[in-house]
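Chains, contacts and geometry: an overview
This is what each chain is made of:
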Amino acid sequence: MGKPSAKISPSILSADFADLGKDAARMWDYGAEWLHVDCMDGHFVPNLTIGPPVVASLRKRTNAFLDCHMMVSDPAFWVKEYGGIGADGFCFHLEAVAQVPPSEEDYVKVYS
């Protein structure tokens, strides 16, 4: 088995929020197939950033894979909401979950 290919996933946190769709399109034009979306809830981390309405609006403007970095207190709750509006992938901090599912099969049951 070979090495997995690298994915370039520019963070939209550094984009111009007044014209987020244009910046997303620019990154796509530069070859980025993924966009990194930092989702912070103001509880798990002190900052409050991109919420579901922004992700839903962004989904309408790009075909890029929306890679959501969930810096939130309850990832299971938020994954369901963000997934329902067009987010494609999620990563989260293990310390944010009360109990880590013991297997991939159990993880899919909890987060799908």
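Report on the accompanying structure. In this text the structure is predicted, and so the values were computed from the model without any measurement.

Turning to helix H3 (residues 75-84), a few remarks are in order. Those residues of H3 that sit buried are Pro-75, Ala-76, Val-79 and Tyr-82. Down the axis of H3, the buried side of the element spans an arc of 135 degrees, and every buried residue falls inside it. Exposed residues on H3 whose side chains face more than 90 degrees from its buried face are Lys-80 and Gly-84. Phi turns positive one or two residues past the end of H3, at Gly-86, with a value near 120 degrees.

Our focus in this paragraph is the nonpolar core. In summary, soluble globular proteins display a tendency toward joint burial of nonpolar side chains. Ranked by internal contacts, the top residues of the largest apolar core, which has 21 residues, are Ile-12, Leu-35 and Val-37. Broken down by secondary-structure element, the contributors of at least two residues to this core are helix H1 (20-29), strand E1 (34-40), helix H2 (52-59) and strand E2 (65-71). Aside from chain neighbours lying at most four places away, what touches Ile-12 is Phe-17, Leu-20, Leu-35, His-36, Val-37, Ile-50 and Leu-58.

Looking now at the sheet that holds E2. Whenever strands of a sheet pair, they do so through backbone hydrogen bonds, lying parallel or antiparallel. Read across the sheet, three strands follow the order E1-E2-E3 without closing on themselves; strand pairing throughout is parallel. Looking at which strands have only one partner, the edges of the open sheet turn out to be E1 and strand E3 (89-92). Adjacent strand axes in the sheet meet at a mean angle of 25 degrees when their direction is disregarded. Looking at chain direction, E2 and E3 are connected through four bridges and run parallel. Residue pairing for E3: Cys-68 is matched across the bridge by Phe-90.

What follows concerns the packing of aromatic side chains. A complete count under the given rule lists three aromatic pairs for this structure. Taking the centre distance of 4.8 Å and the plane angle of 85 degrees together, the rings of Phe-77 and Trp-78 count as edge-to-face. What makes Phe-77 partly exposed here is its relative accessible area of 45%. For Trp-78, a relative accessible area of 23% puts it in the partly exposed group. Consider the rings of Trp-78 and Tyr-82, whose centres lie 6.0 Å apart with planes at 65 degrees: the pair is edge-to-face. In this pair, Trp-78 and Tyr-82 are both assigned in helix H3, four residues apart and thus about one turn of the helix distant. On the accessibility criterion, Tyr-82 (3% relative accessible area) is buried. Joined through ring pairs, the aromatic side chains of Phe-77, Trp-78 and Tyr-82 make up one cluster.

About the criteria used
Residues numbered from 1 in each chain as written. Predicted model: local features only at pLDDT ≥ 70, side-chain atom pairs only at ≥ 80, totals over all residues. Heavy atoms only, no water. Buried < 20%, exposed > 50% of the residue type's maximum accessible area, 1.4 Å probe, protein only. Helix = DSSP H or I, 4+ residues; strand = E, 2+ residues; numbered from the N terminus. Arc of directions from axis to C-beta. Core = buried A, V, L, I, M, F, W, Y, C linked by side-chain atoms within 4.5 Å. Contact = heavy atoms within 4.5 Å. Pairing = 2+ DSSP bridges. Axes fitted to C-alpha atoms, helices over the stretch in contact; angles between N-to-C directions. Phe/Tyr/Trp six-rings, centres within 6.5 Å; stacked < 30°, edge-to-face > 60°.

Such coordinate-based values are descriptive only and should not be taken to indicate function.
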